[in-house]
Amino acid sequence: MLGDSKLITALLFASLLVLTPFYSVSQQKTKDQLRREKKAKQKRIEEVENILQETASKKKYTLGELQAINQQIRDQQAVIGAVQSEISYLDDEISDTNDVIQSLENDLNKLKKEYGSMIYAAYKSGNGISTLTFLFSSSSFSELRSRMKYMEQYANARKKQAEQIKKVKLTLGAQLEVAEDKREEKNLLLSEELKESSNLATLKSKRSNVLKGLESEESQLRRDLETNKKALATLEKKITEIINAEIAAAKNARNNVNVIVSGSFEKNKKKFSWPVEGFISQKFGRQNHIALKGVVVENDGISIQTKQNEMARAIFDGDVRVVFFVPTMGYSALIKHGEYFTVYGGLKDPVIKAGD
């Protein structure tokens, strides 16, 4: 275990190939995607809170507590971002709906105007006389038939015009309801954004307090950092020795099993599950120390902060080559996957042994 922070370190090494990260960025997210992401982030905030409760149960502030709060802040910012994206999405939908409503209202006014013109034209053409008078005033049978046909077509046109007006009114009413629902939904999202922003402010205030507390422990933090560096150097040396021995042995007795396992490992490198539940407290590579200003640390693996006694798992099928103990860090296990190796450090009580 790494002091208070309860870190599980997974170090990935390859003798021939280097695993590179792959990111897929969607061009446009749907509302459902945004809601799923928001829900997932909110769930992780709760999960990190459980880790934080363990870490913060002690009297003094710790790096583990600061790491957990930082993760909650990142997730909280992502939640707010998702809410804001939903609001933006709704704004676009409301704008589109308003455009449809405006178009329908224009169509309705035009239809009403045309219908009124038809009624007025019918009245003017008849000069107020009745339909029968209009028909029987025909000078011939042919003219009578033409007038009857004209009256029928005119009546049908007026009927269709009235039906069209009715349909447009119904459509317009439905769109007005949609617009109202969207405005209500937006108001709810605005309230949610305000609430989440308040939560973020609380987390930032909490982080500020922890940082102030850690400032008084700077000397101890620097001593812990040096202790961890020595432990990691010991781990690195042990890993290098084991992998070099494995490479030498592979050159002398190369077999098809290694090739098959390596190929399978490589094909699944984008699908690996996490070795333990928790959150990434330290990424791979050089980075600024979380609390010590001006201090840069180098991480050759991925550090995952988790709850006490959380079960760790291998990320892929393989052979356990060695399990060994590193002072202040706990047990480590090296697993071989053909030509690839994964290393799991910070273990408390491994249930595996070499040869498994």
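Residues numbered from 1 in each chain as written. Predicted model: local features only at pLDDT ≥ 70, side-chain atom pairs only at ≥ 80, totals over all residues. Heavy atoms only, no water.

Draft legend 1. Structural view of the pairing of strand 8 (residues 340–347). Of all eight residues making up strand 8, eight are buried, and the element is well covered by its neighbours. Bridging between strand 7 (residues 330–337) and strand 8 involves six bridges; their strand directions are antiparallel. Across the sheet, Ile335 pairs through a bridge with Thr342, a residue of strand 8. (Buried < 20%, exposed > 50% of the residue type's maximum accessible area, 1.4 Å probe, protein only. Helix = DSSP H or I, 4+ residues; strand = E, 2+ residues; numbered from the N terminus. Pairing = 2+ DSSP bridges.)

Draft legend 2. Main features of the confidence of the model for the protein. Per-residue pLDDT for the protein averages 78, and the proportion of residues at 70 or more is 78%. Low confidence marks residues 1–27, where pLDDT is under 50. Its contacts with residues over four positions away, or in another chain, come to 79 contacts. (pLDDT = per-residue confidence, 0-100. Contact = heavy atoms within 4.5 Å.)

Draft legend 3. Inspection of the pattern of salt bridges at higher detail. In this structure the tally under the stated criterion is 16 salt bridges. Lys186 serves as the salt-bridge partner of Asp91, at 2.6 Å between the closest nitrogen and oxygen. Pair noted here: Asp91 is in helix 2 (residues 63–126) and Lys186 is in helix 4 (residues 141–215), with a separation of 95 residues, a long-range link. Classification of Asp91 by relative accessible area gives partly exposed; the value is 32%. Take Lys186: its relative accessible area is 23%, and that puts it in the partly exposed class. The structure contains a network of salt bridges with shared partners spanning Arg35, Lys38, Glu86, Glu185 and Glu192. (Salt bridge = Lys/Arg side-chain N within 4 Å of Asp/Glu carboxyl O.)

Draft legend 4. Here's a closer look at the packing of aromatic side chains. Enumeration according to the criterion identifies five aromatic pairs in this entry. Relative to Phe316, the ring of Phe265 has its centre 5.4 Å away and its plane inclined at 90°; by these criteria the two rings are edge-to-face. Placement of Phe265 in helix 6 (residues 256–267) and of Phe316 in the loop between strand 5 (302–305) and strand 6 (319–326) is noted, with a sequence separation of 51 residues between them. Neither residue differs from the other here; Phe265 and Phe316 are each classed as buried. When the ring of Phe265 is compared with that of Tyr340, the centres are 4.7 Å apart and the planes differ by 25°; the resulting orientation is stacked. Within this pair, whereas Phe265 is found in helix 6, its partner Tyr340 is found in strand 8, the two being separated by 75 residues in sequence. (Phe/Tyr/Trp six-rings, centres within 6.5 Å; stacked < 30°, edge-to-face > 60°.)

Draft legend 5. Local environment of the pairing of strand 6. Relative to strand 7, strand 6 is paired through seven bridges, and the arrangement is antiparallel. Its bridge partner lying in strand 7, Val323 is registered against Ala333. What sits between strand 6 and strand 7 in their antiparallel hairpin is a turn of three residues, with Thr328 showing a positive phi close to 70°.

Draft legend 6. Quick peek at the environment of Glu37. Positionally, Glu37 belongs in helix 1 (residues 31–55). In this structure the C-alpha to C-alpha distance between Glu37 and Ala82, which are 45 residues apart in sequence, comes to 7.4 Å.

Draft legend 7. Layout of the environment of Asn70. Along the chain, Asn70 turns up in helix 2. A relative accessible area of 13% places Asn70 in the buried class. Considering only alpha carbons, one finds Asn70 and Ile290, 220 residues apart in sequence, at a separation of 9.4 Å. Discounting residues that sit within four places of it in the chain, Asn70 has contacts with Arg207 and Ile290.

Draft legend 8. Up close: the environment of Val83. Relative to the helices and strands, Val83 is located in helix 2. Residue classification places Val83 among the buried positions, given a relative accessible area of 0%. Remark: the alpha-carbon pair of Val83 and Leu34, spanning 49 residues in sequence, is separated by 7.9 Å. Once residues lying within four places of it in the same chain are set aside, the contact partners of Val83 are Lys38, Leu189, Glu192 and Glu193.

Draft legend 9. Molecular detail of unusual backbone geometry. Backbone geometry places Asn309, a non-glycine residue, at a positive phi of 60°. The phi angle at Thr328 is positive, at roughly 70°, despite the residue not being glycine.

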